[in-house]
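Letter by letter, the chains look like this.
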Amino acid sequence: MIKPLPQLTAAIAGLLLSGACLAQDERWFKVEVMIFSQRSEAAAAAERWQPTPILQYPGESRFLLDPQRISENAEMYEGQSVVDEFGRQIITLDNPLDEDIDPALAEPEDIKQALAENTGIDESQLDEPPTETVQRVTPTPFTRLGSDAREFNSRASRMQRTGRYDILFHEAWVQAVAPKNEALPIVVDRSGDNQTWPQLQGSIKLYLSRYLHIETNLWLNTMGQYLPQNWKIPAPPLGPLSLIIEEPEIPLEALIAAENVAIPPVEELPGESPENAEIIEPLSIDPGPVYPWRHAILLQQKRKMRSTEVHYIDHPMLGVVALITPLSEDDLAAMATAEFVTDSNQPLK
């Protein structure tokens, strides 16, 4: 099977996905959110926390895109990698029975066919010069920005130096803010991928309903030092998967042909008497990961926001700091251009 050039394929797909004209009613913002916990045991003991909080992820959600994580995952697995509209990376593993062809030795027509299969572009379009409609007028939304794009870096450093706070989440990204019924919550952890419970779990949601709003569905896993000694809640759910590995479907006939073995005939075995029956030991069942915490403190709040203003969500154990900055069409075009130049400068593999 021909393996397409990863960066070139990604660049073409990116051009198509980002090339749509900016809708007149879309309002784009740069979003920065910092979530921190407080180490004060006195603050934890001062409140009467709900013994068994209802902890759940939304039925439909999305992830922020981390280009480095996506690239590392694609290099780890041999297969075709795509990112869906929910920010999930889906890697379909290569069929081991297919013959790999070095792209450097492949004919140009073969490479064009592979690009067409992986991007959805008609092969004839690859021969045509780009038109004005294929332009990046917006950056890729929900993509994790570099640390230099964050406004709260110095604030986070000061908080950490005091020894009273732990920064659990600090990211910046750009997006168009949708109405409440269309906006998807953003999951802030990757517990579904690594099957472990981090200290911070849950999601945040940004939406537009006359005013900008932020909605939190976050919980802090704790050792429950403020509870009776033997108390422990049931394990909260692990998050949805952000990395999905799909095995190729290989027909049985292909496997047999590859091994060059014949299918043994199915023979009926004579009935065995109970005295001669072999005793089969039951299979041991893996109980799965063990919840290492004792309790979780829930932070569910909704806050109206004004753009360009720093907003705080106060809580004895968890805190959220958020800043939403409006972006002009010129801002978006500049960010999209910088993103495209960065992609184009990546070496082809």
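The rules behind these values
- Residues numbered from 1 in each chain as written.
- Predicted model: local features only at pLDDT ≥ 70, side-chain atom pairs only at ≥ 80, totals over all residues.
- Heavy atoms only, no water.
- Helix = DSSP H or I, 4+ residues; strand = E, 2+ residues; numbered from the N terminus.
- Buried < 20%, exposed > 50% of the residue type's maximum accessible area, 1.4 Å probe, protein only.
- Contact = heavy atoms within 4.5 Å.
- Areas by Shrake-Rupley, 256 points an atom, 1.4 Å probe, with all protein chains shown as cover.
- Phe/Tyr/Trp six-rings, centres within 6.5 Å; stacked < 30°, edge-to-face > 60°.
- Pairing = 2+ DSSP bridges.
- Axes fitted to C-alpha atoms, helices over the stretch in contact; angles between N-to-C directions.
- Polar contact = N/O pair within 3.5 Å; in protein donor to acceptor, adjacent residues only side chain to side chain.

A.B. asks: Whenever I open this one, the overall build of the chain confuses me. Can you help?
C.D. replies: Helix and strand counts for the chain come out as eight helices and eleven strands. Relative to its 349 residues, the chain shows a buried fraction of 37%. Here the contacts in the chain between residues at least 6 apart in sequence split such that 76% fall between residues at least 24 apart. For the chain, the exposed surface amounts to about 21,500 Å²; the carbon and sulfur share of it is 52%.

A.B. asks: Honestly, the packing of aromatic side chains in this entry has me stumped. Any pointers?
C.D. replies: The relation between two aromatic rings is expressed through the spacing of the ring centres and the mutual angle of the planes. One pass over the full model with this rule turns up three aromatic pairs. Between phenylalanine 36 and tyrosine 165 the ring centres are 5.6 Å apart and the planes differ by 85°, which places this aromatic pair in the edge-to-face class. Placement of the pair is phenylalanine 36 in strand 1 (residues 28–38) and tyrosine 165 in strand 4 (residues 165–176), with a sequence separation of 129 residues. Each member of the pair, phenylalanine 36 as well as tyrosine 165, is classed as buried. Here tyrosine 57 and tryptophan 219 contribute two aromatic rings whose centre-to-centre distance is 5.2 Å and whose plane-to-plane angle is 70°, an arrangement assigned as edge-to-face.

A.B. asks: Could you clarify how one ought to interpret the sheet that holds strand 1 in this entry?
C.D. replies: The four strands are arranged 4-1-11-10 in an open sheet whose pairing can be described as antiparallel. Among the strands making up the open sheet, the edge pair consists of strand 4 and strand 10 (310–313). With direction set aside, neighbouring strand axes in the sheet form an average angle of 15°. Pairing analysis gives four bridges linking strand 10 to strand 11 (residues 318–326), with the strands arranged antiparallel. Across the sheet, histidine 311 pairs through a bridge with alanine 322, a residue of strand 11.

A.B. asks: Can you walk me through the environment of leucine 327 in this structure?
C.D. replies: Along the chain, leucine 327 falls in the loop between strand 11 and helix 8 (329–344). Given a relative accessible area of 18%, leucine 327 falls into the buried group. A C-alpha to C-alpha distance of 9.5 Å links leucine 327 and glutamine 175, two positions 152 residues apart in sequence. The contact partners of leucine 327, leaving out residues within four places of it in the chain, are Trp28, Phe29, Lys30, Val174, Leu332 and Met335.

A.B. asks: Quick question: what am I supposed to make of the side chain of threonine 143 here?
C.D. replies: Relative to the elements of secondary structure, threonine 143 occurs in the loop between helix 4 (108–119) and helix 5 (153–162). Looking at threonine 143, the relative accessible area reads 13%, which means it is buried. Within the local environment of threonine 143, its side chain forms a polar contact with the backbone oxygen of threonine 140, the two atoms lying 3.1 Å apart. Other than its neighbours up to four places away in sequence, threonine 143 contacts Leu65, Pro67, Ala172 and Trp173.

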